[in-house]
Structure formats: C-alpha cells, structure tokens
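# A structural walkthrough
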Amino acid sequence: LRQGFRVVGIEANPVALDTALADPGTQPYLLSGQLTLLNAAISPANGTEASMPFWVIPHRPEQSKAVSWVALDGGEEVSVRTVRCADLLRLYGEVIYMKVDVEFNTIDCLSSLAREAEIRRAADAGFGARAASEGFWRPPKYISVEVEATGLIGDFYKHLVSLGYDSYKVC
C-alpha cells in the first residue's frame, strides 16, 4: 500500500475482516479506494454455489478454515459468499502481484485462473482481435502460492505452467 499499489484483499473470516476494517492503519487506504476488502471465500473453478460454510474459531481467528474439522476445536459455522479468482481479475482489472494464501483452496484459485486463461486462448484463436477487444483479462504478472499439501505440487505446477509462468514463489 505504501508503494501506491491498489490492493484487493479477500477474507472469509468475518471476525478477521471486522478487525481489519476497524484498524486505524487501514482507514486512509479504505477511504481513498486504494484498499478494498471483501468478505468472501475462494470457490472452485467450476463452482456454482453462491456461498459456502466456513468455520470461525473466535479465540483463534487465524486458524479458521473452510473445513468442517475446525468445529472440533470450537469453530462456529458461518455462511460466506464465494468468488472465483479469475472473476476477481475481471472485476478489479490488471494484477501485478497476486499472493494466494487461502488455506486449502489455493488449488481452486489456480484452477480458476488456468480455466479462464484456456477459455481466453480458445476465444482469441477462434475470433482473433475481436475476442481480445471484448474484455481484458490476463493472469497476474507475478504470483506466489501456499502449498497446503505436497500431493498438490504436481497440479500447482501444471496450472502455473499453463498460465505462462516460468518463475513464481511457492511456500
């Protein structure tokens, strides 16, 4: 934010979002429109549900997740609207850097981006310049993703390569 970039943050946990919205440090950025915070969860690339269950742990908001076992640790179920990562790019425009840390839904974000890129390539091939003029969309210039499970590394790699990345950050 201090470097002047526009930032769109997605937070599924309504408690954490309220904390961020109330923080005096975020107020100038929110008021100027440089920072936008959305209460939403990342949905699968082919997801059609408008909302999904999310479990909030009031005493440990950083441990809240979209997986039901969180209820065993005192998590309370809430309903959160969903959004696809590709749709965020379509709505908010060109992205220079995207950091994906969405607890067990990173693969959904990458799948959404890869699916949209495939659709755009097919449209461009079939309709040439007309398709390009019908709506701007391209993957973020830089991306970093969180690997939640080593079994997903192959799928992460496949999607990152299909998006045109030859370098990226994975943690």
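So, a few notes on the structure that sits alongside this text. Everything numeric here is computed off the predicted structure, so don't read it as measured data. (Residues numbered from 1 in each chain as written. Predicted model: local features only at pLDDT ≥ 70, side-chain atom pairs only at ≥ 80, totals over all residues. Heavy atoms only, no water.)

Strand pairing in a sheet relies on backbone hydrogen bonds, with the paired strands running either antiparallel or parallel. Sheet architecture is open: three strands sit in the order S3-S5-S4, paired in mixed fashion. What marks the edges here is a single partner per strand, and that holds for strand S3 (41-42) and strand S4 (51-56). In the sheet, S3 pairs with strand S5 (residues 76-83) via two bridges, with the strands oriented parallel. Directly across from Ala41, in S5, lies its bridge partner Thr82. (Pairing = 2+ DSSP bridges. Helix = DSSP H or I, 4+ residues; strand = E, 2+ residues; numbered from the N terminus.)

Evaluation of the coordinates by the stated rule reveals one disulfide. Two residues share a disulfide in this structure: Cys85 and Cys109, whose sulfurs sit 2.1 Å from each other. Disulfide Cys85 to Cys109: torsion about the S-S bond roughly -115 degrees, handedness left-handed. In this pair, Cys85 sits in helix H3 (residues 85-92) while Cys109 sits in helix H4 (residues 106-127), placing the two residues 24 residues apart along the sequence. When sorted by exposure, Cys85 lands in the same class as Cys109, which is buried. (Disulfide = S-S within 2.5 Å. Buried < 20%, exposed > 50% of the residue type's maximum accessible area, 1.4 Å probe, protein only.)

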